[in-house]
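Each chain, letter by letter, is given below.
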Amino acid sequence: MHLRRLTLRFTGPDHQLEPDYQYFRYTSSIGHLRLCHLLAILAFASSTILDISLFPEHTQRLMAIRFAVIAMFTIGLLTTRARFYARTWEWQNTFYILATGFAAMRFIAVAPLPDSHIYYISIIVSLIFGYTFIHNSFVKASLAGTTLLAAYAIQSAWLHPAPPEVRINNLYILGIINMLGMIIAYSIEHSARAQYFLTRRLENESAKVAEGKDLLEKRVLERTEQLSAANVRLQMESDERQRTAEALKDSEEKFGKAFQASPMALYIRDENTGKLVDVNDNFLNLMGLSREIVIGNTTLGLG
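Visitor: Teacher, can you tell me more about the packing of aromatic side chains here?
Guide: Per the stated rule, a full pass over the model turns up 14 aromatic pairs. Here F44 and F73 contribute two aromatic rings whose centre-to-centre distance is 6.5 Å and whose plane-to-plane angle is 35°, an arrangement assigned as tilted. Linking F44 in helix α1 (residues 17–46) with F73 in helix α3 (residues 59–79), this pair joins segments that are 29 residues apart in sequence. Neither F44 nor F73 differs from the other in exposure class; each is buried. Pairwise contacts between aromatic rings join F10, Y21, F24 and Y196 into one cluster. For the cation-ring pair, K140 lies above W91, with the distance from its terminal atom to the ring centre recorded as 4.8 Å.

Visitor: Even after reading the chapter, I still don't get the pairing of strand β2 (residues 276–279), so can you show me in this structure?
Guide: Looking along a regular strand, one sees side chains alternate from face to face of the sheet. Alignment of strand β1 (residues 267–269) against β2, held across three bridges, turns out to be antiparallel. Of the residues in β2, the one forming a bridge with R269 is L276. Hairpin connection of β1 to β2: six residues between the antiparallel strands, including G274 at a positive phi of 80°.

Visitor: Explain the packing of α3 against helix α4 (residues 85–110) to me, please; I cannot follow it from the model alone.
Guide: Each pair of packed helices can be described by the angle between their axes along with the distance between the axes. Direction vectors running N to C along α3 and α4 enclose 175°, while the axes themselves pass 10 Å from each other. Of the possible angle classes, the one that applies to α3 and α4 is roughly antiparallel. Residues R61, L62, I65, R66, V69, M72, F73, G76 and T79 of α3 form the contact with α4, whose participating residues are Y85, Q92, F95, Y96, A99, T100, A103, R106, F107 and V110. Per-class residue counts for the contact of α3 with α4 are twelve nonpolar, four polar and three charged.

Visitor: What's the story with the pattern of salt bridges in this structure? I'm lost.
Guide: Close approach of charged atoms lets side chains of opposite charge pair. Scanning all chains against the criterion turns up twelve salt bridges. Close ionic contact of R9 with E18 constitutes a salt bridge, the shortest N to O distance being 3.6 Å. Looking at R9, the relative accessible area reads 41%, which means it is partly exposed. On the basis of relative accessible area, E18 is assigned to the buried category, the value being 4%. The closest approach of N and O atoms between D281 and R291, which form a salt bridge, is 3.3 Å. Of this pair, D281 sits in helix α8 (residues 281–287) while R291 is found in helix α9 (residues 291–294), placing the two residues ten residues apart along the sequence. The class of R291 is partly exposed, set by a relative accessible area of 29%. Overlapping salt bridges bring together R9, E18, E189 and R193 as one network.

Visitor: In this structure, what is going on with a nonpolar patch on the surface? I would like to understand it.
Guide: A cluster of nonpolar side chains, contributed by Y172, I176, M179, L180, I183, I184 and I188, occupies part of the molecular surface with about 660 Å² of accessible area. Within the secondary structure layout, I176 lies in helix α7 (residues 164–261). Since its relative accessible area comes to 31%, I176 is described here as partly exposed.

Conventions adopted
- Residues numbered from 1 in each chain as written.
- Predicted model: local features only at pLDDT ≥ 70, side-chain atom pairs only at ≥ 80, totals over all residues.
- Heavy atoms only, no water.
- Phe/Tyr/Trp six-rings, centres within 6.5 Å; stacked < 30°, edge-to-face > 60°.
- Helix = DSSP H or I, 4+ residues; strand = E, 2+ residues; numbered from the N terminus.
- Buried < 20%, exposed > 50% of the residue type's maximum accessible area, 1.4 Å probe, protein only.
- Lys NZ or Arg CZ within 6 Å of the ring centre and 35° of its normal.
- Pairing = 2+ DSSP bridges.
- Axes fitted to C-alpha atoms, helices over the stretch in contact; angles between N-to-C directions.
- Parallel < 35°, antiparallel > 145°, perpendicular 65-115°, else oblique.
- Contact = heavy atoms within 4.5 Å.
- Nonpolar A, V, L, I, M, F, W, Y, C, P; charged D, E, K, R; others polar.
- Salt bridge = Lys/Arg side-chain N within 4 Å of Asp/Glu carboxyl O.
- Patch = residues over 30% accessible without salt bridge, like charges linked within 9 Å, V, L, I, M, F, W, Y side chains within 5 Å.
- Areas by Shrake-Rupley, 256 points an atom, 1.4 Å probe, with all protein chains shown as cover.

Listed below in structure tokens is the structure:
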């Protein structure tokens, strides 16, 4: 299996597998992606309890952010039925990771310090969701995760400064999770591509076996037909030989009867040795000898 080290795309002699693999990923993920949309909507809707209990005076602004995200995922769920979704689903997933992460940063900006930084947990959820759950590629998931980590570092240091101990702790945890997420996403995609490659190779080998089986059956059929035709010819030749043998036997019987019934003294002699091989009764009577003495002897020997 030939893969690029960073992007994990099929390359070299396996590059033709890339379009088929991408189509396979989409068709096998579409149902799961719709479920992810629903789960994201439920998660953001249920989290309004957190806004109301912790920051009741800022509930309206926080809920406005939540419902904007809910509307985004609702529209996204509807677009999964559109034709263009097959071409854009990974980029849409990348956008969702960034959108949910930036929404969490917006929560931090709206809610009062220092308690507002509890919302950084939502960034962790976005990272975990992006790296493991939505089937995004390693490259796009890493792009979104690293962007969120950098954006949170900028916000917590300059835009909406957090206490140093909170900033260092949160950045450390987010950095560890982002690194682990990248490793996990890389391993998941590499394993998925290896499994797809082996499946395709098995399918190709099975096709070759089936093709070889069909070819073998065809050759066996052709050979069987040839043997059947040969058997027919052999049977015809055997019948012909049988008829010839019967005709020869009948001819010999007729000749033998005519030979014995002839009023003349007749004999049959071997041209090479001159020995008599058969005589009729008139010959024996004429010579006054028995058949045992005559057969195998010559006419000169008899004289």
